[in-house]
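Here is how the chains run, residue by residue.
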Amino acid sequence: AQKVTQAQTEISVVEKEDVTLDCVYETRDTTYYLFWYKQPPSGELVFLIRRNSFDEQNEISGRYSWNFQKSTSSFNFTITASQVVDSAVYFCALSEASDSNYQLIWGAGTKLIIKP
Amino acid sequence: EAQVTQNPRYLITVTGKKLTVTCSQNMNHEYMSWYRQDPGLGLRQIYYSMNVEVTDKGDVPEGYKVSRKEKRNFPLILESPSPNQTSLYFCASSLSVGTAVNYGYTFGSGTRLTVV
């Protein structure tokens, strides 16, 4: 069965430190999609990135970068030079082309605390 | 502005008192879905709808009902709420089931429900 594991429940770092959030997924599909969302204290879900299973290129967007490795079934998220505004809960999610519910399978989330 | 609108944002109710959380989207999306978010569990799908008059159960449908009489609206109904339905609820929509899998959803801002 499909599954997403975010083993880090909570991470606390001091501002300007780099931090990596881990995401490990399980799927039997060859076609699938991976997502990261940010949930700030206000509660809404903010889309960060989408990656399909055929594209293993790493992605960089400003201070954010993502490392997708099919060999280890991981899709890790790194924030460089963290800022207090990065404090939020971050979710990794998976969708599969064969899923009859067309749903996203979510990890439990990692709460990131950036201290000034 | 293209959006998914949920109401109310916050709701405190008593056990057994029927309630409805409304969800409306203005993007002419076919696919709509409800998720609940609980600590340590991420988001889990309650119900989904592929189009008008077509609804189906997600992973945690017990205690909930939905309807899809119009394309834009997808209300979530709790006929007899119980404390274990205290949660953060999200409505989501996507242009089609294909885009739901490939690109994820547009999410509403969430409804925080407390049942006492």
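Everything here concerns the structure above.
Predicted model only: the values in this text are computed from it and were never measured. (Residues numbered from 1 in each chain as written. Chains lettered and ligands numbered in written order. Predicted model: local features only at pLDDT ≥ 70, side-chain atom pairs only at ≥ 80, totals over all residues. Heavy atoms only, no water.)

Caption draft 1: Geometry of the interface of chain B and chain A. Contacts between chain B and chain A engage 25 residues on the former and 21 residues on the latter. Buried area between chain B and chain A, summed over both chains or domains, comes out near 1,800 Å², and the portion from carbon and sulfur atoms is 54%. Along the contact surface separating chain B from chain A lie 0 salt bridges. The tally of links from chain B across to chain A stands at 8 residue pairs in polar contact (both at pLDDT 80 or more). Those elements that place two or more of their residues in the side of chain B that touches chain A are β4 (31-38), β5 (42-51), β9 (87-94) and α1 (97-103) of chain B. Split by residue class, the side of chain B that touches chain A holds 14 nonpolar, 8 polar and 3 charged. (Contact = heavy atoms within 4.5 Å. Buried area = accessible area lost by both parts, 1.4 Å probe. Salt bridge = Lys/Arg side-chain N within 4 Å of Asp/Glu carboxyl O. Polar contact = N/O pair within 3.5 Å; in protein donor to acceptor, adjacent residues only side chain to side chain. Helix = DSSP H or I, 4+ residues; strand = E, 2+ residues; numbered from the N terminus. Nonpolar A, V, L, I, M, F, W, Y, C, P; charged D, E, K, R; others polar.)

Caption draft 2: Summary view of the sheet that holds strand β7 (residues 65-66) of chain B. Residue and element names in this part refer to chain B. Spatially, 4 strands are ordered β1-β3-β8-β7 in an open sheet, and the strand pairing comes out antiparallel. Edge positions in the sheet fall to β1 (4-7) and β7, since each of these pairs with one other strand and no more. Taken together, the 2 bridges between β7 and strand β8 (residues 76-78) define a ladder with antiparallel strand orientation. Bridge pairing links Val 66 to Leu 76 in β8. (Pairing = 2+ DSSP bridges.)

Caption draft 3: Structural context of the state of the cysteines. Residue and element names in this part refer to chain B. What the rule picks out here adds up to 2 disulfides over all chains. Linked covalently through their sulfurs, Cys 23 and Cys 91 form a disulfide whose S-S length is 1.9 Å. Taking the torsion about the sulfur-sulfur bond, which here is approximately -75 degrees, the covalent link between Cys 23 and Cys 91 counts as left-handed. Residue Cys 23 is located in strand β3 (residues 19-25), and its partner Cys 91 is located in strand β9; the two are separated by 68 residues in the primary sequence. Exposure remark for Cys 23: the relative accessible area of 2% places this residue in the buried category. Residue Cys 91 is classed as buried on the basis of its relative accessible area of 0%. (Disulfide = S-S within 2.5 Å. Buried < 20%, exposed > 50% of the residue type's maximum accessible area, 1.4 Å probe, protein only.)

Caption draft 4: Inspection of the environment of A:Lys16 at higher detail. Residues and elements named next belong to chain A. Inspection of the secondary structure assignment puts Lys 16 in the loop between β2 (10-14) and β3 (19-21). Under the relative-accessibility criterion, Lys 16 is labelled exposed at 68%. Sequence-wise, Lys 16 and Asp 86 are 70 residues apart; in three dimensions their C-alpha atoms are separated by 11 Å.

Caption draft 5: Here's a closer look at the pairing of strand β9 (residues 74-79) of chain A. Residues and elements named next belong to chain A. With 5 of 6 residues buried, β9 lies mostly within the body of the structure. Alignment of β3 against β9, held across 3 bridges, turns out to be antiparallel. Pairing of Val 19 across the sheet is with Ile 79, part of β9. Where strand β8 (residues 64-69) and β9 come together, 6 bridges link them in antiparallel fashion. Bridging across to β9, Asn 67 finds its partner in Asn 76. A loop of 4 residues connects β8 with β9, the two strands running antiparallel in sequence, and Ser 73 in this loop sits at a positive phi of about 50 degrees.

Caption draft 6: Up close: the side chain of A:Asn76. Structurally, A:Asn76 is set in strand β9. Once residues lying within four places of it in the same chain are set aside, the contact partners of A:Asn76 are A:Thr20, A:Leu21, A:Asp22, A:Cys23, A:Trp36, A:Ser65, A:Trp66 and A:Asn67.

Caption draft 7: Expanded view of unusual backbone geometry. Put simply, B:Asn7 and B:Pro8 share a cis peptide bond, and its omega is -5 degrees. Among the structural elements, B:Pro8 can be located in the loop between β1 and β2 (10-13). Despite not being glycine, A:Ala81 shows a phi value in the positive range, around 50 degrees. Structurally, the position occupied by A:Ala81 is in the loop between β9 and β10 (88-96). In this model, B:Asn28 sits at a positive phi of 60 degrees, which is unusual for a non-glycine residue. Mapped onto the elements, B:Asn28 comes out in the loop between β3 and β4.

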